[in-house]
Amino acid sequence: QVSKAQKSGPVVFQPSFDVGSNVNLTLVSELKKSIHNNELSIFVQPKVDLKSRVVTSVEALIRWRHPTRGMIFPDQFIPFAEQTGLIRDITLWMIAEASKLSASWLEKGMSIPIAVNISARDLIDSDFPNKVAEILKSTGSNTSLISLEVTESSIMDDPHRAKQTLLQLSQMGIKLAIDDFGTGYSSLSYLKELPVSELKIDKSFVMHVEQNQNDRIIVNSTIELAHNMGLHVVAEGVENIEVWKSLQEMGCDYGQGYYMTKPIPACDFEAWYQQWTQVPLIYSTLSPNSI
Ligand code: C2E
Ligand code: MG
Ligand code: MG
Ligand code: MG
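Residues numbered from 1 in each chain as written. Chains lettered and ligands numbered in written order. Predicted model: local features only at pLDDT ≥ 70, side-chain atom pairs only at ≥ 80, totals over all residues. Heavy atoms only, no water.

1. A closer look at the coordination of the magnesium ion (ligand 2)
Condition: Note: metal donors comprise N, O and S atoms at 2.8 Å or less from the metal (3.2 Å for Na, K and Ca); water molecules are not included, so apparent gaps in a site are possible. Each helix corresponds to a stretch of at least 4 residues labelled H or I by DSSP, and each strand to a stretch of at least 2 residues labelled E; elements are numbered beginning at the N terminus. Remark: exposure states derive from per-residue accessible area (1.4 Å probe, protein chains only) relative to the maximum for the residue type, with buried under 20%, exposed over 50%, and partly exposed in between.
For the magnesium ion (ligand 2), the full set of protein donor atoms is Glu-59 (OE), Asn-117 (OD1), Glu-149 (OE) and Asp-179 (OD), and the range of their distances to it is 2.0 to 2.2 Å. Between the magnesium ion (ligand 2) and the magnesium ion (ligand 3) the interatomic distance amounts to 4.1 Å, and Asp-179 serves as a bridging ligand to the pair. Of this pair, Glu-59 sits in strand β2 (residues 55–66) while Asn-117 sits in strand β4 (residues 114–118), placing them 58 residues apart in sequence. The buried category is assigned to Glu-59, whose relative accessible area is 3%.

2. Brief notes about the packing of aromatic side chains
Note the threshold: In this analysis, rings of Phe, Tyr and Trp, with Trp reduced to its six-membered ring, are considered paired at centre separations within 6.5 Å, and the interplanar angle assigns stacked below 30 degrees, edge-to-face beyond 60, and tilted for intermediate values.
Under the counting rule described, the total for this entry stands at seven aromatic pairs. The interplanar angle of 80° and the centroid separation of 6.1 Å between the aromatic rings of Trp-244 and Tyr-259 together place this pair among those described as edge-to-face. In this pair, Trp-244 is assigned in helix α12 (residues 241–249) and Tyr-259 in the loop between β9 (254–256) and β10 (264–265), connecting sequence segments 15 residues apart. The class of Trp-244 is buried, set by a relative accessible area of 1%. Relative to Trp-276, the ring of Trp-244 lies with its centre 6.5 Å away and its plane at 40°, an arrangement referred to as tilted. Of this pair, Trp-244 sits in helix α12 while Trp-276 sits in helix α13 (residues 269–278), and the two are 32 residues apart along the sequence. As far as burial versus exposure is concerned, Trp-244 and Trp-276 are alike and both buried. These aromatic residues form a ring-pair network of at least three members: Trp-105, Trp-244, Tyr-259, Phe-269, Trp-272, Tyr-273 and Trp-276.

3. What about the pattern of salt bridges?
Pairing between side chains of opposite charge can happen when the charged atoms of each approach one another. Definition in use: Any carboxyl oxygen of Asp or Glu that lies within 4 Å of a side-chain nitrogen of Lys or Arg is treated as forming a salt bridge with it.
Tallying each qualifying case throughout the model produces nine salt bridges. Among the ionic pairs, Glu-59 bridges to Lys-200, the shortest N-O distance being 2.9 Å. Of this pair, Glu-59 sits in strand β2 while Lys-200 is found in strand β7 (residues 198–201), placing the two residues 141 residues apart along the sequence. In this structure, Glu-59 and Lys-200 share a single accessibility class: buried.

4. Looking at the coordination of the magnesium ion (ligand 3)
In this structure, Asp-179 (OD), Asp-180 (OD) and Glu-236 (OE) serve as the protein donors to the magnesium ion (ligand 3), at separations of 1.8 to 2.3 Å. Each donor residue of the magnesium ion (ligand 3) lies on one chain, and together they are spaced D-D-x55-E. Owing to a relative accessible area of 9%, Glu-236 belongs among the buried residues under this scheme.

5. Let's talk about the pairing of strand β1 (residues 40–49)
The condition is simple: A pair of strands is considered paired only if DSSP assigns at least 2 bridges between the two.
By the criterion of burial, β1 is predominantly enclosed, with nine of the ten residues buried. Sheet analysis places β1 next to β2, joined by nine bridges and oriented antiparallel. Pairing of Ser-41 across the sheet is with Arg-63, part of β2. Linking two consecutive strands that pair antiparallel, namely β1 and β2, is a turn of five residues; a positive phi of about 75° is found at Arg-53 within it.

6. Notes on the packing of helix α6 (residues 128–138) against helix α8 (residues 159–171)
Definition in use: Only the stretch in contact is used when fitting a helix axis, every axis being a line fitted to C-alpha atoms; angles between N-to-C directions are given from 0 to 180 degrees. For this classification, under 35 degrees means roughly parallel, over 145 means roughly antiparallel, 65 to 115 means roughly perpendicular, and everything else is oblique. Two helices cross in a left-handed way if the nearer one is turned anticlockwise from the farther one by less than a right angle. They cross in a right-handed way if the turn is clockwise. By definition, residues are in contact when any of their heavy atoms lie within 4.5 Å. Polarity classes work like this: nonpolar for Ala, Val, Leu, Ile, Met, Phe, Trp, Tyr, Cys and Pro, charged for Asp, Glu, Lys and Arg, and polar for all others, with Gly in that last group.
Here α6 crosses α8 at 25°, and the two axes come no closer than 9 Å. Judged by the inter-axis angle, α6 sits roughly parallel to α8. The chirality of how α6 crosses α8 is right-handed. The segment α6 lies against α8, with Phe-128, Pro-129 and Val-132 engaging Thr-165, Gln-168 and Leu-169. By residue class, the composition of the contact of α6 with α8 is four nonpolar, two polar and no charged.

7. Concerning the nonpolar core
What counts here: Here, the term nonpolar core denotes a set of buried Ala, Val, Leu, Ile, Met, Phe, Trp, Tyr and Cys residues that are joined through side-chain atoms within 4.5 Å.
Of all hydrophobic cores here, the largest spans 80 residues; its most connected members are Ile-42, Trp-105, Leu-148, Ile-155, Trp-244, Leu-247 and Phe-269. With ten residues, helix α4 (residues 87–107) is the largest single contributor of residues to this core. Other than its neighbours up to four places away in sequence, Leu-247 contacts Leu-50, Val-206, Val-219, Ala-235, Val-238 and Cys-252.

So, in structure tokens, the structure goes:
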């Protein structure tokens, strides 16, 4: 089938990168240069203890500040990075940036670990754990300040190799989380053998948990399952106080979501954190976000 771009001759820029069109080639070549051109940046979003309101860590989320298209979200370029293998450099860049960031926070008295998302491609790279170790060494950071998030589906791409890599990372002292839990087709018997310490419930089950009975059942049983397996549970997609309260009642450990804050540029985190910690803990159960 002839695409629109082929018919009309030159490839025309579109507002977003269209999967399966010629624009991909442009995207890929631009993405290749994005690291050197300083166009990638880290946004962060806190994970908060639902009982105490304490910020226990943050997740690093990549953004691409494109010179002409403006800010591009990961869903629009991470899949291409995965297909082309560019993801490896991107992951290592993220880990390096995150470890510099957490080390700089530590100097200011904020001991907050940062979680970085990794891909299926990273999991099948037998040299990945060594590369991570090198980065941590060269940035003067340490393994307790960086954790990694892996989706169920990227583990199930090649479960055997994924397990090897995860074991190595865990032996280095890096904490691991299973991301987007509930959306993949993973085998629970397999997951239980992995050295993970945290399970993140996908936001699609969390966002309406206070009003949707099915979501409630799913979230509740996932929390129970995770706890029985000795894992901490994080709920993604906490958008309002009602969801926070429901999760708290269900015994969920941590929450992450727009209610606390949308992902913010790394340089803005300190200001958000100062403001967040100014609210006395005594009011936390009443109104976690009242400032
Ligand atoms: P994720 O790891 O599950 O990250 C959570 C996503 O949910 C983020 O989207 C975040 O902005 C969004 N989110 C957080 N709280 C809420 C909420 O309350 N409501 C709603 N509706 N959404 C919320 P984002 O930043 O667009 O990232 C999307 C996905 O892209 C991530 O999902 C992750 O799978 C991937 N990604 C992001 N950064 C990286 C990266 O550096 N490397 C890799 N391999 N993947 C990344
Ligand atoms: Mg994640
Ligand atoms: Mg997720
Ligand atoms: Mg996701």
